[in-house]
Structures are given as structure tokens and as C-alpha cells.
Amino acid sequence: MQHHTTCPYCGVGCGVTATIEEGVMTGVEGDRDHPANYGRLCVKGSALHETLGDHGRLLAPRVDGREVSWDDALAEVTNRLAAVRERHGGEAIAGYLSGQLLTEDYYAANKLFKGFLGSPHLDTNSRLCMASAVAGYKRAFGADAVPCNYEDLEEAELVVLVGSNLAWNHPVLFQRLRTAKQRNPLLRVVVIDPRVTDTCEVADLYLPLKPGSDARLFNGLLAFMADKGKLDAVYLERHTQGLDDALVAARDEATTLAAIADDCELDAEALETFYYWFVSQLHVVTLYSQGVNQSTSGTDKCNAIINCHLAGGKLGLPGAGPFSITGQPNAMGGREVGGLANQLAAHMDYHTPGAQALVTEFWHAPNLPEGPGLKAVELFEAIERGEIQALWIMATNPVVSLPDADQAKRALAKCPLVIVSECMADTDTLAYADIVLPASSWAEKDGTVTNSERRISRQRGMLPPPGEARHDWWIITQVAKHLGYEEAFEYRHPRDIFVEHARLSGYANRADGVPRLFDISALAELDHAAYDALAPLQWPVTAEAPRGTARLFEDGCFATPDGRARLVAVTPHAPRQAVSAAHPLRLNSGRVRDQWHTMTRTGRAPRLLNHRAEPYVDLHPDDARAAGVVDGALARLHNAHGEARVRARVATAQRRGEAFMPIHWNAQFSNAGRVGTLFAAHTDPVSGQPETKHGAVALAPLAIAEEATLLVANDSGGLSERASLAYWARMPLHHAERWQLASDAGASSHDWPAWCAEQFGVAATLWCEDATSGRLRAAGLRDGRLVWWLMVGPPSELPGLAWLDARFGDITLDAEQRRRVLAGCASGEADTGPVVCSCHQVGATSIREAIRGGDTDVDALGARLACGTQCGSCIPELKSLLEEEVAHAGTDEALETA
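Please read these numbers as outputs of a predicted model, since none were measured by experiment. (Residues numbered from 1 in each chain as written. Predicted model: local features only at pLDDT ≥ 70, side-chain atom pairs only at ≥ 80, totals over all residues. Heavy atoms only, no water.)

Asks: Would you take a moment to explain the overall build of the protein for this structure?
Replies: Helix and strand content of the protein: 29 helices and 34 strands. Over its C-alpha atoms the protein spans a radius of gyration of 27 Å, differing by no more than 12% from the 29 Å that the globule rule assigns to 898 residues. Principal axes of the C-alpha set define a box for the protein whose edges measure 80 × 75 × 55 Å. Taken across its 898 residues, the protein has 63% of its residues classed as buried. For the protein, long-range pairs separated by at least 24 residues make up 72% of all intrachain contacts whose partners lie at least 6 apart in sequence. Of the roughly 31700 Å² of accessible surface on the protein, 48% is carried by carbon and sulfur atoms. In the protein, 82 side chains carry a positive charge and 114 a negative one; their mean positions are 1 Å apart. (Helix = DSSP H or I, 4+ residues; strand = E, 2+ residues; numbered from the N terminus. Rg over C-alpha atoms; globule rule 2.2 N^0.38 Å. Buried < 20%, exposed > 50% of the residue type's maximum accessible area, 1.4 Å probe, protein only. Contact = heavy atoms within 4.5 Å. Areas by Shrake-Rupley, 256 points an atom, 1.4 Å probe, with all protein chains shown as cover. Lys, Arg positive; Asp, Glu negative; His and termini not counted. Charge placed at Lys NZ, Arg CZ, Asp CG, Glu CD.)

Asks: Quick question: what am I supposed to make of the pattern of salt bridges here?
Replies: Close approach of charged atoms allows side chains with opposite charge to pair. According to the stated counting rule, one finds 50 salt bridges in the structure shown. With a closest N to O distance of 2.7 Å, Asp152 and Arg551 form a salt bridge. Placement of Asp152 in helix α5 (residues 151-155) and of Arg551 in the loop between β19 (537-538) and β20 (565-566) is noted, with a sequence separation of 399 residues between them. When the shortest N-O distance is used, the salt bridge between Asp263 and Arg216 registers 2.9 Å. Pair noted here: Asp263 is in helix α11 (residues 257-264) and Arg216 is in helix α8 (residues 214-227), with a separation of 47 residues, a long-range link. Given the relative accessible area of 27%, Asp263 is considered partly exposed. Given the relative accessible area of 5%, Arg216 is considered buried. (Salt bridge = Lys/Arg side-chain N within 4 Å of Asp/Glu carboxyl O.)

Asks: I tried to follow the sheet that holds strand β4 (residues 62-63) on my own but got confused; where do I start?
Replies: Strands pair in a sheet through their backbones, by hydrogen bonds, and they do so in one of two ways: parallel or antiparallel. Taken together, the 7 strands give an open sheet; going across it, the order is β5-β4-β16-β15-β14-β6-β7, and neighbouring strands pair in mixed fashion. Looking at strand neighbours, the two that pair on one side only are β5 (66-67) and β7 (122-124), the edges of this open sheet. Examined bridge by bridge, strand β14 (residues 390-394) and strand β15 (residues 417-422) share 5 bridges and lie parallel to one another. When the sheet's bridge partners are listed, Met394 is paired in β15 with Ser421. Strands in contact with helix α20 (residues 472-482) are β14, β15 and β16 (435-438); relative to β14, the strand with the most contacts, it is inclined by about 155°. (Pairing = 2+ DSSP bridges. Axes fitted to C-alpha atoms, helices over the stretch in contact; angles between N-to-C directions.)

Asks: Would you mind showing me how to read the packing of helix α3 (residues 103-117) against helix α21 (residues 494-507) here?
Replies: When two helices pack together, their arrangement is given by the angle between their axes and by how far apart the axes lie. Running from N to C, α3 and α21 cross one another at 70°; their axes reach a closest spacing of 9 Å. One finds that α3 runs roughly perpendicular with respect to α21. Relative to α21, the crossing made by α3 is left-handed. Where α3 abuts α21, its residues Thr103, Glu104, Tyr107 and Lys111 lie against Pro494, Ile497, Phe498, Glu500, His501 and Leu504. (Parallel < 35°, antiparallel > 145°, perpendicular 65-115°, else oblique. Left-handed = near helix turned anticlockwise from the far one by under 90°.)

Asks: What should I look at first to understand the packing of α8 against helix α12 (residues 268-280) in this one?
Replies: Two elements in contact, α8 and α12, have axes separated by 10 Å at closest approach and are oriented at 60°. Between α8 and α12, the crossing angle belongs to the class labelled oblique. Relative to α12, α8 is oriented so that their crossing is right-handed. Along the contact surface, α8 presents Leu217, Phe218, Gly220, Leu221, Phe224 and Met225, while α12 presents Leu271, Phe274, Tyr275, Tyr276, Phe278 and Val279. Of the residues belonging to the contact of α8 with α12, the class tally is 11 nonpolar, 1 polar and no charged. (Nonpolar A, V, L, I, M, F, W, Y, C, P; charged D, E, K, R; others polar.)

Asks: Please clarify how the packing of aromatic side chains should be interpreted in this entry.
Replies: Pairs of aromatic rings are described using the distance from one ring centre to the other and the angle between the two planes. Counted under the stated rule, the structure contains 23 aromatic pairs. Plain terms: the ring middles of Phe489 and Tyr491 are 6.1 Å apart, the flat faces sit at 80° to each other, and that makes the pair edge-to-face. As far as burial versus exposure is concerned, Phe489 and Tyr491 are alike and both buried. Their ring planes at 50° and their centres at 5.6 Å tell us that Phe498 and Tyr531 sit as a pair that is tilted. Linking Phe498 in helix α21 with Tyr531 in helix α22 (residues 528-532), this pair joins segments that are 33 residues apart in sequence. You can call Phe498 buried: its relative accessible area is 2%. A network of ring pairs unites the aromatic residues Phe218, Phe224, Phe274, Tyr275, Tyr276 and Phe278 as a single cluster. Stacked on the ring of Phe489, the Lys or Arg Lys111 has its end atom at 5.1 Å from the ring centre. (Phe/Tyr/Trp six-rings, centres within 6.5 Å; stacked < 30°, edge-to-face > 60°. Lys NZ or Arg CZ within 6 Å of the ring centre and 35° of its normal.)

Asks: Help me understand the pairing of strand β13 (residues 321-324) in this model?
Replies: Looking along a regular strand, one sees side chains alternate from face to face of the sheet. In β13, alternate side chains face the same way, and those of Gly321 and Phe323 on one face and Pro322 and Ser324 on the other are all buried. The pairing of strand β12 (residues 284-288) with β13 spans 4 bridges and is classified as parallel. The partner of Val285 across the bridge, within β13, is Gly321.

Asks: Would you mind showing me how to read the sheet that holds strand β2 (residues 15-21) here?
Replies: In space, the 3 strands of this open sheet follow the order β1-β2-β3, with antiparallel pairing throughout. The outermost strands of the open sheet, each flanked by one partner alone, are β1 (2-6) and β3 (24-30). Within this sheet the neighbouring strands show an average axis-to-axis angle of 30°, counted without direction. Of the pairings in the sheet, the one linking β2 to β3 comprises 6 bridges and is antiparallel in character. Bridging across to β3, Val16 finds its partner in Gly30.

Asks: What is the right way to look at the nonpolar core in this model?
Replies: Note on soluble globular proteins: their nonpolar side chains tend to be buried together. Residues Met25, Phe141, Ile192, Phe218 and Phe274 are the most contacted members of the largest nonpolar core, which totals 121 residues. Not counting chain neighbours up to four residues away, the residues in contact with Phe141 comprise Pro147, Ile306, Leu310, Leu315, Pro322, Phe553, Phe558, Ala559, Thr560 and Ala565. (Core = buried A, V, L, I, M, F, W, Y, C linked by side-chain atoms within 4.5 Å.)

Asks: Would you take a moment to explain helix α17 (residues 376-385) for this structure?
Replies: Note on helix geometry: an α-helix contains 3.6 residues per turn, so any two residues three or four positions apart are oriented the same way. Of the positions making up α17, those classed as buried are Ala376, Val377, Leu379, Phe380, Ala382 and Ile383. Tucked inside the fold, the buried residues of α17 contact β6 (93-97), β7, β14, α18 (398-401) and α19 (405-414). At the exit of α17 stands Gly386, carrying a positive phi of roughly 90°.

Asks: Help me understand empty space enclosed by the protein, please; the structure alone is not making it clear to me.
Replies: Where empty space is left can be seen by rolling a probe of water-molecule size over the atoms. Inspection of the entire model under this criterion finds 3 cavities of 30 Å³ or more. Volume-wise, the second largest cavity comes out at about 70 Å³. Forming the walls of the second largest cavity are Cys7, Tyr9, Cys10, Val12, Gly13, Cys14, Leu41, Cys42, Pro171 and Val172. Classifying every residue of the lining of the second largest cavity gives 9 nonpolar, 1 polar and no charged. (1 Å grid on protein atoms, 1.4 Å probe; cavity = no way out; pocket = protein on both sides within 12 Å on 5 of 7 lines; lining within 4 Å. Points joined across faces, edges and corners; volume = space filled by probe spheres on them.)

Asks: I keep staring at the pairing of β6 and nothing clicks. Help me out?
Replies: The buried fraction of β6 amounts to 5 of the 5 residues, a majority that puts the element mostly inside the structure. In this sheet, β7 lies alongside β6 in parallel orientation, the contact comprising 3 bridges. Bridge assignment links Leu97 to a residue of β7, and that residue is Thr124. Handedness of the crossover joining β6 and β7 through α3 is recorded here as right-handed. (Right-handed = clockwise from strand over helix to strand, strands pointing away.)

Asks: What's the story with helix α24 (residues 752-760) in this structure? I'm lost.
Replies: Of all the positions in α24, only Trp752, Pro753, Trp755, Cys756, Gln759 and Phe760 are classed as buried. Taken down its axis, α24 places every buried residue within 160° of arc, on the same side. On its buried face, α24 is in contact with β27 (704-713), β28 (725-732), β29 (736-744), β31 (775-782) and β32 (785-792). Of the residues flanking the start of α24, the one acting as N-cap is Asp751, its side-chain oxygen 3.2 Å from the backbone nitrogen of Ala754. Backbone geometry just after α24 places Gly761 at a positive phi near 70°. (Arc of directions from axis to C-beta. Polar contact = N/O pair within 3.5 Å; in protein donor to acceptor, adjacent residues only side chain to side chain.)

Asks: Can you walk me through unusual backbone geometry in this structure?
Replies: With glycine set apart, most residues show a phi of negative sign, and most peptide bonds adopt trans. Put simply, Trp539 and Pro540 share a cis peptide bond, and its omega is 5°. Located in the positive-phi region is Gln841, a residue other than glycine, with phi close to 55°. Along the chain, Gln841 falls in the loop between β33 (835-837) and β34 (842-843).

Next up, the structure:
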């Protein structure tokens, strides 16, 4: 049976068609009718069914480390929360939510905390990714309102990508853009990013700007538009205010194009080309993401971009507008219901005239706070100071994701009451929980989400929650009832919450006489059948627009008291975290193609770890050379806040003086892979968003004696003794776990086979050793079954692990398999190389051989090997391999001619 639902990963909000057979999800594919993706899915989405199962799930409530019934757990939650409120007041209680929650979960939590517990301190991990974009829109338009939709990428004449590696972070949108470019050869794409990323594959112009100089770049563009007579005077006169002040600020520093190029460390001719392209086209989309937002001046950077669109009248049209692309699946839905500490509900803020009285009346709320609460970073600082006595965390892992992440550990360790609602049994944050509440996950949750283009979609429950896991909205509602608020929380189904949310959105228009853009009041009368069948649609959804609204501001009327948009005067500021002689590298962070957030879901699908298996750092060759770090070796990044131990990847795609490290790795997958420990907790003064693109670190080789790769059968109990190792990283396979290990340089000679025998109670049955090189391979078998396999040496010498992984699933090894097990491959089997295409498990060696055999374009490679034919995320990498092989062939030909 097929079910239609929504992907739980990025803010693209792709529709998913899932097949359920006998209570098991057997496959997923893109929903061909969903307007966000029209059947496309990235590799993460296509592997969703591989992340399911009861193993590793949280299956029962726990209180103080012991399993209890739901009745006992709810009693403990309510009694302890009530005690904190009675002793310290509502402001001593806080909640920390997630863009992984559904809108209905968010609404119930916001109502409980702000309306009834009396705590303003309810914030969300969306603060870490989208808060600056929200603040920028609100300053310019009067509302948190994305004006564009995905079709605008296909309607545009120019698409500008700023601080967005679209190819890896929003792959389906990247494929839409790539297809649009193929269909319209006149469409130009500009990529503005310090790193050469896979997104550059579609770029007609690439600008490798200096990190943090985005505002200077767009201030320069605004001044250029004025100097060249390219301002839309009519639009500015009728629909905006603030141009004069914005221009003064834009021209306040060096005014020449050469000076701007120098400030941004760009080629002046390339910069001028971008400026001319922008002013020459009306249909321009500027797509921006975390590279802009995650800064201590992120809000200003957003407004510098928006200023240029307002000044040129480049919004409210097909193919035009400043488009913030959201990080999480429901970051926007959380903002709609008031999930940020500076919001109330229905896009109302505390300072909105009449809003507090309106929400109090609508909810019959007895304890609504008078002012906003603490934003994420300052919230955890207040916890450590003892100002917050109780914290309820839902669906997020702040010990990994927050900046100065070890501070989050200290705060949680000090907090008298930590409640965690979580679906997985083992996360970094759970170690600090007094009360653990098992929550449902994707495929079980039922409700709605809103994607980056304001499109509301249903996420449908298709499987029952395992064990005692319950939906977040249900947990919140039960706590509210135990606290005595039964009448306000009489929800029996997520539909009941949704229609109340929809009613409030219409009711909110009474707040201050200014029509509010967020309005879904036309959905307030949905019955259960209509809610279950709700098709994707974009807000506003009103009596005048019952099928939704594709674009905003088409009439030039904005959500401000006078209906005019605001151009904001922007003064560029350098990052707060300054590099120095002691910490000379500028550290950037971000996502990788096949992983998501802190890997609690994607880490369960083995093939999603094939592309990037370990925590790593990208370095320019000059920086690696200066630090004595070689490509593929282990390295140490450190500063006053913490350290990371990672694999070095050396490439000229990285600018000199800069480094890049992914955000995903946690204590379940690495002993020192949390990039959050390396960032100071500096935030944007307007949005509260932390500066996690601009760290300052030192680099050194990691002092180790030797490396080893260990494969262990899944039912062996795992690797328990890791504390003595200088480095370890864990990578799940299908039948085994791979562990990448390194012994400390200061330790005595490590007897790896003996260590394995002690760990697993099985001595080395097979081994071979080269005393000269120090290379060793060994394996332990019990009753003919493979228990562990070891290789001492660098991981670059590993064979492809598919054959070896399969052997851990065999009940016993036959004579031929036993003979080949140390080699790690069957006789005559070729090593396919590192995986490039995760969808079809195609390795680099196979791709290179196909290219040398005459498959000299992406289509030919797809026809032969299937790589690049499903989600398309690997196409940029395929093109790089094609270019390398062509260049290599040209060099060989030249040598032969000589």
C-alpha cells in the first residue's frame, strides 16, 4: 500500500510516496504530484526506509535512570515542574524545541509554556539557522514572509546563490535549477561563496569572497545601481522608504568598485560583471542560506541583499525576489505558531499592539508573559548561571549543535531538572536528562510542516510508534492536563490543534489593524477527512485565496503600518571571532551531502556513510603544509573553547587561511568530532543567531603511533574500550560496524590482535604480518563465523568493504571465503573505490575505468553504471572525475608525443 507524506530533512519539503507491506516500509520514492519536488528525492530522502526499525529506539519513559510507566513519568514531570514554578516562578522554566517537530507539536508546546506555565523562555534550534533571515524579512517587509516560490528559480533570468552549497544542502532544488538552466541557455547563475563547492558546477560566474564580507559586497551593489541610474524610481517612490539612509551607509566606506573588490578579496572585473548582470535583469532571484545567516551581522547581511531587490523593484514578480532557503523541514511552521522566544503566536510579537490581550483572550491563558524570553545561546548561559531551574528539550541535540558546545554540557549538568523528549536511545544530550520521554519519529508522526516557500504539507503517520513511544503533541497535552489545564488542551487528534491554529491566524488580524500576511483561516473548518486529505498549499490561505498564494507583494503592499517596505541602512562588520597568530585559520562549518544534523537518523543507514565516513577538515595545501599535515592523515583543530580530531582533506577548493568542518559528528560516531566545541558563543544582536561560520582555530598533526581499521559483527556487543585511543570513529555497515582507530603516540607499542581478543573474547584465528612495513591483517572467528576483522595501516589501503561486510552475515565461512577473508575481497573481484554515487553504490575506480573505456559524459556514465540517474547529487563529482581523466589523458598523450 502506498502512502503520501513529506520528507523530514531539509526545508525543501519534498513529497514522499512510501510503500508499506505487512507493517514494514519497503521503499520510498519522490511524490510525482508534490509541487516542491515533482518526484525528485535526494539520497537522504530515498534512504528514509533504511533508517527505520525498533533497534536503537527509545521505547519506555525513564525517571532518574530507571524505566517507569507513562502515568509515573507524567506525574514526575508535572510534580517537578509545579515545584519549580511554585518556588521560583514561571520564568525559571524553559523549553528548547526543534524544526523537526510538526506544527501541531510546536503549537501545543508554545501554548503550554507561554500561556499557562507563564514562561517566555521557549526557543528552538531554528534560532541557529534561520533567525537572521526572519529578522531581515521583518525589518524590510514587516513580517517573516518569504516572497518567492520554487518556480521562480525556473522563471528567473539571473539566479544568485550566496552562502549556499545548494548541491549538497538542498539537492532537489539544485537539480531543479540545473534543469532550468539546460532548458533556458539565457539563464545565468552566480555563486558567491568562500569555498569552491559542487554548486559551482552550474555557475556562469563564481565569486570566492572573503568570509564575512557579504554586506560590503551588496552595499557596493546598491551604490552601483544608484551610480549607473539603475534604481527603479517609480517602485521606490510608491512602495518603499529608507533609500537615502541606505545609500549613505552603502557609500560610507570606500566607494570605488576596485576598493569594494579589494575589501571582498575579489577580482574587480569579475565583481563588475556580477553587478552589471544584476542591474541589467529584472527577473533576479537571490537565494541565500546559512553562509549569510550564521554571523554576528547576519541580519544586516540579509537586509543588504533585500535592499538591492527593493531598489530595483525585483520582487513580487515571477522569477524575482530575495529568497531565504530554510534549513529544517518545519523551521517555518515553528515560526508560524510562535516557537521563537521573541514571538507569541500567529506571527505576532510581544511588541505587536494588542497582541498579548488577543492571545490571552483566545487561549483563555492565565499566565501569558509580558515580554520576550531568552534566545537559545543566552538561554543556556542563563541555565549555567542558575537562573533556569527546569529545561524541557524536544527533538534536538544541543550538546552537539550549539556553539561553545561544552558550555551546553556544563549548563545541563548544573540544571536541577532536565526533561528530554527523544526518539533515539543514545544521544549526547540524553546523558544529562533526569526524565526521558520516548517520542514518535518520522513514519509515525501525524501533522503538518511548512517548507521554505510557505507551502504547508501533511506528514502522515504510516506506522505505529514502537514500544511506549508517544507523539510529542500528546505528551505536551497530557502534561498540561496533569497540571490542571484540561479545558485548554482537549485535543484528541492533531487535526484539533491545526484548526485552532488556523482560527487564531485569522483572529490575529484584529491585533493592531494591520493585515497580517500569515493567515490560514480558510482551513479553520477542516473536518478529519479534509485534514487527512489536505493537499500541499502556500499561505496565505484565506476566503479570497482558498487555494493559497504563490507569491507575496505582487501589489507592492507590505505588512507595515503604512504598507511600504523599508530599505535598511547597513554598516558592515567583521566577524567577532578574530584569527590571530595563535589561531590563524578561519573555521567554516556546514553540512555534507549524505548526512543530516547530528546523525541520529541518517547515521542508521549504512550507505549514507559511504561518501564521507569520518569527521574531517578541508584545508588548502599551503595551510596543511605549514602545519605539517598531509592529505589523509589525522589532524587536530583547537582553540580556547575546545578541540576536534579529524581526517585531513587537502584541496585547492579551500581558500588559503580557511578551513571547513562538517557539523554532524557526535559522541556516538567519534570521540572528538563535534565542531560546535570550536565556536565562541557570539550572536547577532538583532536575531540572536550564533556565528558558526567564522571560528578561529589552530591546526596540528594528531600525534599517533599507528592507525587500524576494525570491523566487528553487529551482535558482538560493540567496542567497549575506547578511552585509551587517541582517535576513533564509528561507521555502521549492514552486518558489522567499522571502527577507524588510532593509538596514542605516547603509549607503548599497541598489540592490536591481543586487544581485539580481549575486547571480544575471540583470539586471532587468521593473520598475516609484514614486519618491515608494520602492516598487519587479522581476523577472529568463533565456530566458523567471522566476529572481527583488523587491518593495521592507513585507511587508504582498505579494500571495498561490501564483500567483507556480507561475510559477517554468514553463519559460517566456507573454505574459499576463509582463504580470502584477510584480503577482504573475493578472488578476482575488483575494488570499486570510494563511493561517489550513494544511491547506486558506484565507486570512483569503476567510474574512472568507464571514462577510460569511452564513457566521456555524465549521460554515458549513467547508462553504464547508473550513477547520477536517481537523485543527481553526485553529478558535480562525476563531472570533476571526467575533467580529471580528460586532463590526465591529455598529459599522457603529450608525453607520448614528446
